[in-house]
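Spelled out from the first residue to the last, the chains are:
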Amino acid sequence: MLEVTIDGGTNIGPLGDIKTMGDLVEFIKATIDPDKMIVSLSLDGKNLSENDWRMPISVHPNSRLQVETGDKSVYLADRLVLAPDYLEVIISEFAEVAELFNQGKNFQANDIFSRAIDDLNAFMGWYTSLFALDASLEAAELDNISHRIEALTKICEQLIQQMLHYFWSNVSKSLTEQLIPSLRELASYSEKLALAFKAN
């Protein structure tokens, strides 16, 4: 049977009818202190592979799953502090796109634009998932972040329409006058939020 240790302590069990790694992680979440969260998982000292998540846990009868937990509020504070830096990288990508469109390098601009949009989507998914870690933060700030996401979504939809109609100069203008300022405002908001959360 797979042995599960939490923070180097004794193994948990019995695992009963748990068959997959996903189900096991949910079981562990229900077992640990509600103020803590799982920050790392390793199987026999190695990070879990994609196969480990797909295969039934019965294929690891003599293995050990090591679970490390951390304080949820510390984890959240550390992640919130990173948000403005991530946004600055995305802002620089969109600024490069605007400059390339101005130079008539449309193929290059389109390529970087696609990557920047993917990065922005990934950031938004990650950032909003942080709010779910703290009920009071979610209640206080979810409206604020939702309004900002809606505004950014509308600007991005407008940009895509301009690109579909080959309005390259309009794309560049919308990037520099609408999207980038909105992202800078979001970065400023996220920085203030991180400081306020840490102060609490």
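The rules behind each value
Residues numbered from 1 in each chain as written. Predicted model: local features only at pLDDT ≥ 70, side-chain atom pairs only at ≥ 80, totals over all residues. Heavy atoms only, no water. Helix = DSSP H or I, 4+ residues; strand = E, 2+ residues; numbered from the N terminus. Rg over C-alpha atoms; globule rule 2.2 N^0.38 Å. Buried < 20%, exposed > 50% of the residue type's maximum accessible area, 1.4 Å probe, protein only. Contact = heavy atoms within 4.5 Å. Areas by Shrake-Rupley, 256 points an atom, 1.4 Å probe, with all protein chains shown as cover. Pairing = 2+ DSSP bridges. Axes fitted to C-alpha atoms, helices over the stretch in contact; angles between N-to-C directions. Expected span 1.5 Å × (residues − 1). Lys, Arg positive; Asp, Glu negative; His and termini not counted. Salt bridge = Lys/Arg side-chain N within 4 Å of Asp/Glu carboxyl O. Polar contact = N/O pair within 3.5 Å; in protein donor to acceptor, adjacent residues only side chain to side chain.

Participant: Where do I start with the overall build of the protein chain in this structure?
Facilitator: The secondary structure content of the protein chain amounts to six helices and four strands. Rg of the C-alpha trace for the protein chain: 22 Å, well past the compact-globule value of 16 Å for 200 residues, more than 25% over. Over its C-alpha atoms, taken along the principal directions, the protein chain stretches across nearly 65 × 40 × 25 Å. Counting the 200 residues in the protein chain, one finds 38% classified as buried. Look at the contacts in the protein chain between residues 6 or more apart in sequence, and 69% of them connect residues 24 or more apart. Here the protein chain displays about 11,500 Å² of accessible surface, and carbon together with sulfur accounts for 52% of that area.

Participant: I'm lost on the sheet that holds strand β3 (residues 46-47) in this one. Help?
Facilitator: For sheets, the rule is that strands pair by backbone hydrogen bonds, running either parallel or antiparallel. Strand order in the open sheet formed by four strands is β1-β4-β2-β3, with mixed pairing between adjacent strands. Each of the sheet's edge strands pairs with one partner strand only, and the pair in question is β1 (3-6) and β3. Two strands pair when backbone bridges link them, and β1 and strand β4 (residues 64-71) are joined in this way by four bridges, in the parallel orientation. In the sheet register, Val4 faces β4, and the bridge partner there is Leu65. Sheet contacts for helix α3 (residues 72-102): β2 (36-43) and β4; angle to β4, the most-contacted strand, approximately 75°.

Participant: How do you make sense of the pairing of β4 when you look at a structure like this?
Facilitator: For a regular strand, the rule is simple: side chains alternate between the two faces of the sheet. As paired elements, β2 and β4 share seven bridges and run antiparallel to each other. When the bridges of β4 are listed, Leu41 appears paired with Val67.

Participant: Can you walk me through helix α4 (residues 106-131) in this structure?
Facilitator: An α-helix turns once per 3.6 residues; consequently, residues spaced three or four apart project the same way. The end-to-end C-alpha separation of α4 is 37 Å, in line with the 38 Å expected for 26 residues at 1.5 Å each. Listed in full, the buried residues belonging to α4 are Ala109, Ile112, Phe113, Ala116, Ile117, Leu120, Phe123, Met124, Tyr127, Leu130 and Phe131. In the core, the buried residues of α4 are packed alongside α3, α5 (135-164) and α6 (168-199).

Participant: I'm lost on the environment of Gln162 in this one. Help?
Facilitator: Mapped onto the elements of the fold, Gln162 is located in helix α5. When its relative accessible area of 11% is taken as the criterion, Gln162 is described as buried. The contact partners of Gln162, leaving out residues within four places of it in the chain, are Phe167, Asn170, Val171 and Ser174.

Participant: Is there a simple way to think about the side chain of Asp52 in this case?
Facilitator: Of note, Asp52 is situated in helix α2 (residues 50-54). Of the side chains with opposite charge, Lys46 lies nearest to the buried Asp52, which makes no salt bridge, at 9.1 Å. One polar contact links the side chain of Asp52 to the main-chain amide nitrogen of Ser49, over a distance of 2.9 Å. A distance of 3.5 Å separates a polar atom in the side chain of Asp52 from a polar atom in the side chain of His60. With sequence-adjacent residues up to four places away left out, Asp52 is seen in contact with Met21, Leu43, Asn47 and His60.

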